[in-house]
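# Fold and geometry: a report
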Amino acid sequence: MRIWANPSSPHREGRAARAAIEDARARIKRALGWDGEVIFTSGASEAIAIALGRGRGDARLVSAIEHDAVLRCARDAVRIPVRADATVDPDIFAALVARAAAPLVAVQHVNSELGVMQDMATLTALVREKGGLMLCDCAQSAGKVALPDADMIVVSAHKFGGPPGIGALLVREFAMLEPSGGQEFGYRGGTENLPGALGMAAALE
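On a predicted model such as this, the values are computed, not experimentally measured, just so you know.

## Things to note about empty space enclosed by the protein
- For the coordinates displayed, the defined rule picks out 1 cavity of 30 Å³ or more.
- Size it by volume and the largest cavity reaches roughly 30 Å³.
- Lining of the largest cavity is provided by Ser63, Ile65, Glu66, Gln108, His109, Asn111, Val116 and Gln118.

Here it is as structure tokens:
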């Protein structure tokens, strides 16, 4: 909290804040074992909105048991049904993905109500075979189990003991998203929440 300045400001205090937030970004990547990019957001819901709203791809597919934040952002998306045990059927999944052009597919890693963990390695491989991108909501699993193989991953700090009001969208590379201008490398507008980012890094560590 003592580092009060806007990390995007060019004055001395702003440069100190920028150094601190980039240190937090590097610590979060290291703690999660992530070698891609990290875009700080206000939480999982905003990260999901950025991914589904600006992610590359012509089609949107989401599993039927995604969090409401996903379903609200993808009202017209193809719904991927699940089996009686709430897992995605790979055969049905493969058939739906095969019919989509450059799909962006959203599947939650661990369901918040049922605790079901999806076979993300199999599902992600099927999406990539079609030239698509996999978005995985890891709000319930990040910091507890290893991140799955996915192209974009959503995390929320308060789910692993960090402060509320801070989260992140992890992306393999920025080219997977349409930029919107503003802060966070041009992918999210608004002054960065430096205390939140530092608290998020500390909680993960």
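## Let's talk about the side chain of Thr87
- Relative to the assigned elements, Thr87 resides in the loop between strand S3 (78–80) and helix H4 (90–98).
- Engagement of the side chain of Thr87 in a polar contact is seen with the side chain of Asp85, the distance being 2.6 Å.
- Once you skip the residues sitting within four places of it in the chain, Thr87 turns out to touch Val82, Val116 and Gln118.

## Re the pattern of salt bridges
- Under the counting rule described, the total for this entry stands at 12 salt bridges.
- The salt bridge partner of Arg188 is Glu46, with a shortest N-O separation of 2.9 Å. Placement of the pair is Arg188 in the loop between strand S7 (167–171) and helix H6 (194–204) and Glu46 in helix H2 (residues 44–54), with a sequence separation of 142 residues.
- The exposure class assigned to Arg188 is buried, which follows from its relative accessible area of 15%.
- For the salt bridge of Arg172 with Asp149, the shortest nitrogen-to-oxygen distance reads 3.5 Å. Of this pair, Arg172 sits in the loop between S7 and H6 while Asp149 is found in the loop between strand S5 (133–137) and strand S6 (152–156), placing the two residues 23 residues apart along the sequence.
- Several salt bridges share partner residues, and in doing so they unite Arg18, Glu22, Arg25, Glu184 and Glu192 into one network.

## Comments concerning unusual backbone geometry
- In this structure, Ala86 is a non-glycine residue whose phi angle is positive, near 75 degrees.
- Note on placement: Ala86 falls in the loop between S3 and H4.
- Assessed through its relative accessible area of 6%, Ala86 is described here as buried.
- Although it is not a glycine, Phe185 sits at a positive phi angle of roughly 65 degrees.

Scoring rules and cut-offs
Residues numbered from 1 in each chain as written. Predicted model: local features only at pLDDT ≥ 70, side-chain atom pairs only at ≥ 80, totals over all residues. Heavy atoms only, no water. 1 Å grid on protein atoms, 1.4 Å probe; cavity = no way out; pocket = protein on both sides within 12 Å on 5 of 7 lines; lining within 4 Å. Points joined across faces, edges and corners; volume = space filled by probe spheres on them. Helix = DSSP H or I, 4+ residues; strand = E, 2+ residues; numbered from the N terminus. Polar contact = N/O pair within 3.5 Å; in protein donor to acceptor, adjacent residues only side chain to side chain. Contact = heavy atoms within 4.5 Å. Salt bridge = Lys/Arg side-chain N within 4 Å of Asp/Glu carboxyl O. Buried < 20%, exposed > 50% of the residue type's maximum accessible area, 1.4 Å probe, protein only.

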